[in-house]
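# Architecture at a glance
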Amino acid sequence: MSRTLRHLVGAALLMSPMSLAAQDPHGDARRVPARGSSVPDQLPTYRLLDQFNRLVTDSSISRRASIIIVAGRNGAAAAERWTQRIRAALTPSGPSVIPVADLVGAPRLLRGLIRGMFPKDSSAAVALDWEGVIGRPIRGDRAPLIAAVYGADGRLREWMTLSTKTEDIATLQRLVALAN
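Below: a short report on this structure. These numbers come from a predicted model, not from an experiment. (Residues numbered from 1 in each chain as written. Predicted model: local features only at pLDDT ≥ 70, side-chain atom pairs only at ≥ 80, totals over all residues. Heavy atoms only, no water.)

### Details of unusual backbone geometry
Even without being glycine, Asn53 reaches a positive phi, approximately 65°. Along the chain, the position of Asn53 falls in the loop between strand E2 (47–50) and strand E3 (55–57). (Helix = DSSP H or I, 4+ residues; strand = E, 2+ residues; numbered from the N terminus.)

Spelled out as structure tokens, the structure:
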């Protein structure tokens with residue numbers, strides 16, 4: 001394997017959803033009020049594909065509250081755990097939970113390899129945001145894992161930084177209460 005190819009594959013592995021969360025400087029979940037934040041007050045319009053090439057759009061969640069969980073490479077493993085816990089706490093007809101992988105900057109050449117690193121289970125679909133359409137407006141460069149709760153009207157209710165170490169019950173309950 002050439003040195004350049006090894007470097008590119010190594011970079012892709014660093015962006016892997018399985019990357020270690022131990023590098024996370026934000027250990028605890030912190031609620032941050034929506035006012036004055038740079039998280040958009042209105043749910044951004046988006047059309048993304050998940051790892052199975054299925055379309056995920058903002059119109060698919062109209063008239064329902066939604067919890068958008070945006071993860072960078074250091075928050076990816078925790079995002080999967082948070083998504084599962086939140087979905088388990090909600091009713092099936094309740095709010096939508098949409099995990100989004102912020103993949104801006106991933107080399108175009110390695111997108112297929114990166115896509116293959118995501119869960120193979122279709123119930124664990126993750127919207128892949130290669131261009132930063134929704135991931136960058138919500139997550140920015142603040143933290144590895146952000147949850148934004150939007151109401152059925154598409155207006156931001158609140159956003160918070162989630163812990164990459166634990167899925168604490170108080171934060172989980174707060175997210176569910178905001179979304180219902």
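That was the structure; now back to the text.
### Overview of the pairing of E2
Residues of E2 alternate between two faces, with Leu48 and Asp50 buried on one and Arg47 and Leu49 left unburied on the opposite face. Two elements, E2 and strand E6 (residues 127–129), share two bridges in a ladder whose sense is antiparallel. Opposite Leu49, over in E6, you have Leu128 as the bridge partner. (Buried < 20%, exposed > 50% of the residue type's maximum accessible area, 1.4 Å probe, protein only. Pairing = 2+ DSSP bridges.)

### A short note on the packing of helix H2 (residues 76–89) against helix H5 (residues 169–179)
Running from amino to carboxyl end, H2 crosses H5 at an angle of 55°, the nearest separation of the two axes being 10 Å. It follows from the interaxial angle that H2 and H5 lie oblique. In this structure, the crossing between H2 and H5 has a hand that is right-handed. Contacts between H2 and H5 involve Trp82, Arg85, Ile86 and Ala89 from the former and Ile169, Thr171, Leu172, Leu175 and Val176 from the latter. Residues belonging to the contact of H2 with H5 are distributed by class as follows: seven nonpolar, one polar and one charged. (Axes fitted to C-alpha atoms, helices over the stretch in contact; angles between N-to-C directions. Parallel < 35°, antiparallel > 145°, perpendicular 65-115°, else oblique. Left-handed = near helix turned anticlockwise from the far one by under 90°. Contact = heavy atoms within 4.5 Å. Nonpolar A, V, L, I, M, F, W, Y, C, P; charged D, E, K, R; others polar.)

### Some details on the environment of Asn53
Judged by its relative accessible area of 48%, Asn53 is partly exposed. Linking Asn53 and Ala127, residues 74 residues apart in sequence, is a C-alpha distance of 9.2 Å.

### Quick word on the nonpolar core
Membership of the largest hydrophobic core comes to 19 residues, with the highest contact counts inside it found for Ile67, Ile69, Trp82, Ile86, Leu145, Leu162 and Leu175. Among the elements of the structure, strand E4 (66–71), H2, strand E7 (145–150) and H5 are those that each provide at least two residues to this core. Sorting elements by how many residues they give to this core places H5 first, with five residues. Those residues within four positions of Leu145 in sequence are excluded, and the remaining contacts are Ile69, Val70, Ala71, Gly75, Ala78, Ala79, Trp82, Met160, Thr161, Leu162, Ser163 and Thr164. In terms of nonpolar packing, the next biggest core, distinct from the first, is built from 18 residues, Ile98, Val100, Ile146 and Trp159 among them. (Core = buried A, V, L, I, M, F, W, Y, C linked by side-chain atoms within 4.5 Å.)

### Description of H2
For H2, spanning 14 residues, the distance from its first C-alpha to its last is 20 Å, which sits close to the expected 20 Å at 1.5 Å a residue. Residues Ala76, Ala78, Ala79, Trp82, Thr83 and Ile86 constitute the buried set of H2. With its buried residues spanning 140° around the axis, H2 presents them on a single face. Contact partners of the buried residues in H2: E4, strand E5 (96–102), E7 and H5. (Expected span 1.5 Å × (residues − 1). Arc of directions from axis to C-beta.)

### Some words on the pairing of strand E8 (residues 156–161)
If a strand is regular, its side chains alternate between the two faces of the sheet. Within E8, five of the six residues are buried, leaving the element largely enclosed by the surrounding structure. Bridge count between E7 and E8: five bridges; the pairing is antiparallel. Within E8, the position partnered with Val149 by the bridge is Glu158. Hairpin connection from E7 to E8: five residues lie between these consecutive antiparallel strands, with Gly154 at a positive phi of about 85°.

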